[in-house]
Structure formats: C-alpha cells, structure tokens
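Chain by chain, the residues run as shown.
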Amino acid sequence: MFERGVAVIGLGYIGLPTGATLASHGINVLGVDVDPDVVDQINAGKAPFAEPDLSAAVERAVQKGLLSARLDVPEADVYLIAVPTPFKGDHQPDLAYVEAATRAVASHLERGALIILESTSPPGTTEQMSAWLAEERPDLSFPHQDAENPDVHLAHCPERVLPGQIMRELVENDRIVGGLTPACAERAAALYRVICRGRVTLTDARSAEMAKLVENSFRDVNIAFANELAEVCSHLDLDVWEIIRLANKHPRVNILNPGPGVGGHCIAVDPWFIVAAAPEQATIIRAARTTNDSRPRSVAGEVSAVAAEGASVACLGLTFKADVDDIRESPAVEVVRLLAEDRPDLRLTVVDPHVAALPASLADAGVALSADTTGVVGSSDVVVLLVDHQVFRALDPKLLASRPVIDTRGVWNPATYRTD
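Residues numbered from 1 in each chain as written. Predicted model: local features only at pLDDT ≥ 70, side-chain atom pairs only at ≥ 80, totals over all residues. Heavy atoms only, no water.

1. Remarks on the overall build of the protein
Counting its regular elements, the protein contains 15 helices and 15 strands. Taken over C-alpha atoms, the radius of gyration comes to 23 Å for the protein, in line with the 22 Å a tight globule of 420 residues would show. Of the contacts formed within the protein by residues at least 6 apart in sequence, a portion of 70% connects residues at least 24 apart. Accessible surface for the protein amounts to roughly 18200 Å². Of this, 52% is attributable to carbon and sulfur atoms. Charged side chains of the protein number 36 positive and 58 negative; the gap between the two group centres comes to 5 Å. (Helix = DSSP H or I, 4+ residues; strand = E, 2+ residues; numbered from the N terminus. Rg over C-alpha atoms; globule rule 2.2 N^0.38 Å. Contact = heavy atoms within 4.5 Å. Areas by Shrake-Rupley, 256 points an atom, 1.4 Å probe, with all protein chains shown as cover. Lys, Arg positive; Asp, Glu negative; His and termini not counted. Charge placed at Lys NZ, Arg CZ, Asp CG, Glu CD.)

2. A look at the nonpolar core
Inside soluble globular proteins, nonpolar side chains tend to come together where they are buried. In terms of nonpolar packing, the biggest core is built from 37 residues, with Val-6, Leu-16, Leu-80, Ile-116 and Leu-191 touching the most fellow members. Put simply, the parts of the chain that give this core at least two residues each are β1 (6–9), α1 (15–24), α2 (36–43), α3 (54–63), β3 (67–70), β4 (78–81), β7 (114–117) and α7 (182–195). Top element by residues in this core is α7. It accounts for five residues. Residues contacting Ile-116, with those up to four places away along its chain left out, are Val-78, Tyr-79, Leu-80, Ile-81, Ala-155, Cys-157, Ala-188, Leu-191 and Tyr-192. Core analysis: the second largest hydrophobic core is formed by 27 residues, Ala-332, Leu-339, Val-355 and Val-384 among them. (Core = buried A, V, L, I, M, F, W, Y, C linked by side-chain atoms within 4.5 Å. Buried < 20%, exposed > 50% of the residue type's maximum accessible area, 1.4 Å probe, protein only.)

3. Some words on the sheet that holds β1
Judged by pairing direction, the sheet is mixed, and its eight strands sit side by side in the order β3-β2-β1-β4-β7-β8-β9-β10 without closing on themselves. Whereas interior strands pair on both sides, the edge strands pair on one side only; in this sheet they are β3 and β10 (200–204). Across this sheet, the average inter-strand angle for adjacent strands is 25°, counted without regard to direction. Here β7 pairs with strand β8 (residues 153–156) via four bridges, running parallel. Looking across to β8, one finds that Leu-117 is bridged to His-156. Lying over the sheet, helix α4 (residues 96–106) contacts β1, β4 and β7, oriented at roughly 165° with respect to β4. (Pairing = 2+ DSSP bridges. Axes fitted to C-alpha atoms, helices over the stretch in contact; angles between N-to-C directions.)

4. Some points on the side chain of Glu-209
In this structure, Glu-209 sits in helix α8 (residues 205–235). A polar contact of 2.6 Å, which involves the side chain of Glu-209, links it to the backbone nitrogen of Gly-124. Once you skip the residues sitting within four places of it in the chain, Glu-209 turns out to touch Ser-121, Pro-122, Pro-123, Gly-124, Thr-125, Thr-126 and His-156. (Polar contact = N/O pair within 3.5 Å; in protein donor to acceptor, adjacent residues only side chain to side chain.)

5. Some remarks on helix α5 (residues 125–136)
Residue pairs three or four apart in sequence face the same way in an α-helix, which turns once every 3.6 residues. Between its first and last C-alpha, α5 extends 17 Å over twelve residues, near the 16 Å set by a 1.5 Å rise per residue. Within α5 the residues assigned to the buried category are Thr-125, Thr-126, Met-129, Ser-130, Trp-132, Leu-133 and Ala-134. Buried residues along α5 sit against β4, α4, β7, β8 and α8. (Expected span 1.5 Å × (residues − 1).)

In structure tokens form, the structure reads like this:
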C-alpha cells in the first residue's frame, strides 16, 4: 500500500516526529521542508529541535534509509501535510501554508493517492483542499466531485500530542480520522493503525477538524477560569493558590492552576478558529481567549508595582511550558516584552536553560540572557517566575529571601504542596 512511501510536508514539531515514528515501523518516509538547514540536519541524522526520544528516532531511521529530507515534493503514495496554521489580522485563520502545500503536491498526484491533513484547521479546510486540487488537476476526480469513486482520497487526522511527550503519545493516544467520504477515512485509518496502539475512530472531515478545536478550546476555557480567579483573588487580597486548594477538596471540582497566560501552537491559537467560524455563537470561547491574552499585561503590572526605579529583575523562564525549548506564543515572552516597553529603566535578565538566544523583540529592547540561575536570582532586586522549569523548582528558598517575588506558577507557594 505504501510502496512509494509517505511524503511528510512540513518537518516541524508534528511532521518530523510523525515521520520518524512511521519510519520506525518500516515505512519509507520522504520528508519535505522549506528550510535548507532543517533538511540538512535531518539528513545528517539530527533533529533540529529538542523533544525527548526524537533525536534517537531520527538517527536510527536515517541510518536504516527509511527517512530522508528534501526541499522539493517527491512522488509518493501518501502525502501527509503538517504545516503551520496561524491566524492573521483580527484572529482570522491563515491557510496560506496549507494552500501552498496542497498546490505543491497536486502535480505529483497519481490515481489512488491519499492526502492527509494533520495541521489543525477550521471546519471545511479539507473540503477546500479538495477544491484547490481540482483546480490544479482537472484530469483527476476528487471527493467533492465524485464521492463514490474519486481518483484521490482526502482525510483530516489532527494531532493531539503534548510537547515533551510527543514520541510516546503519537503511539499511545487515540486518534480521530475524518474523511471526506467513509472510504477516505478508511484509507487514512489504515496508515495510522500501523503506528497507533490507541483507538482509531473514524468520522467525517469537518467533525474531525472541529473536534480538535473543541479539545483545545475546552482547555483554554478552564485555564481562563483559573486566570480570572487569580485576578479576582488579587483584587480581594486573597491567596489564589489556597482558594484553589480548598475548592478542589470538593469531589466534583478540579480547578486548574493559573499562570502568566497561555502559549504554544495549539491552545493560544485554535479557539480563534471557532470564533472565526461562528462569531455570534462562540461568546464564552472568545471571552476565555481575551482573559488569557490579557494575563501577561496583568503580570507585568504586578512586577512593575514592586520594582523600584532602576531595579534589576530576574525573569525566570521564557518557553511556553516547563522543560521544553518552544517559545511559540509564549506568555513569558510577552510579559518580558511588556516590562521592557513599559519600564525601560528596569534591568531585565532572562534565565532559561532551554533557550539559547533571545527573540529579536527582547534582544532589541536591551533584555539580557544568562545561564547563571543562582547568580542572577541572588543579585536581582525582584524575581518573577514565569515558567516552572525543574531547575527553578529546585532553587534554594534562601535565595528568594529579602526581595519581592512574583510567582506566577505557585511553585514556591505552600498551598500548592500542602496535603492537609
């Protein structure tokens, strides 16, 4: 079924782990990316970003000749598209990368080909891909034209993995496969059953697209409740961590922890796709996004309120979550950027063991980067914890004495580890 291999278009945080996992099951994977450096690193058996177990999987697959990378689209039996789907303007979905990848694949299609979209997308995107392909290849039939016997099958299978655990969850998690027709779904499911130990559930493409958005929107709404609670408790001079600890003793209450905002490539973006699709109906989802997007401003205000003129501030953490190197949509970056913008008098130093260089928005603002956690904390007037990396959890509490501490993760708050 996969004699000519599987072409993975986009070798980022989802495409490369998926390709390496397919290769580990004996499938020939032809990776495609627009970045020559990414292509070169993969062909050298190296992963271009950090993810547990990924580097070893890439190295093994390349050595066995089952994984290679290139800049151009090859001929293949299956085309798996895993390109970015950001938003633009007023949080409108930007499908430019999906369209570009779809049209690039079109000229290489032969009858019997299967195209799978893994990129998180608004409902109707897979159908739109079918229309784009028909424009490029009028000699072939597609599911929106011939549902009974199309020349090319299309399906959507959203990723649902957690950074830091991607390689394990690609295999263990249940998967949703949505086809433009039932036959399309069956064709795509056959591929995922090769690698998945979890249940593979079949549905239609629009339902699969919406399900992924709903999963992340559900989490976003729950995080927004916690973040709003943090704002309320601050206003009422209450300890939000203690309030959550007490409320969670109810058998049917499980409030999440607040933080400096929401980041990453999914939760901070996907809910806007639902809002864009149903702006009059998605009121709670929109409100949650607004609440979470406003948190960095609140945290920056807390820091500014305790920082004297010319104070040195240790900003601990820059990634969007603990113990990863991913800063996409990171609220920590936004907090530091706002501090640099609002208080140019402050001397801001970022410490993050997973970040080798500051983004331009911070470097250009004069923010410093250091690898010396103990030294920076010990010499700073104010400490703000933005990401709960393990190295920060292990800090000696004595280092934090005699200076204001803004702990956005509750790491050093006794209420987070009390068991009574």
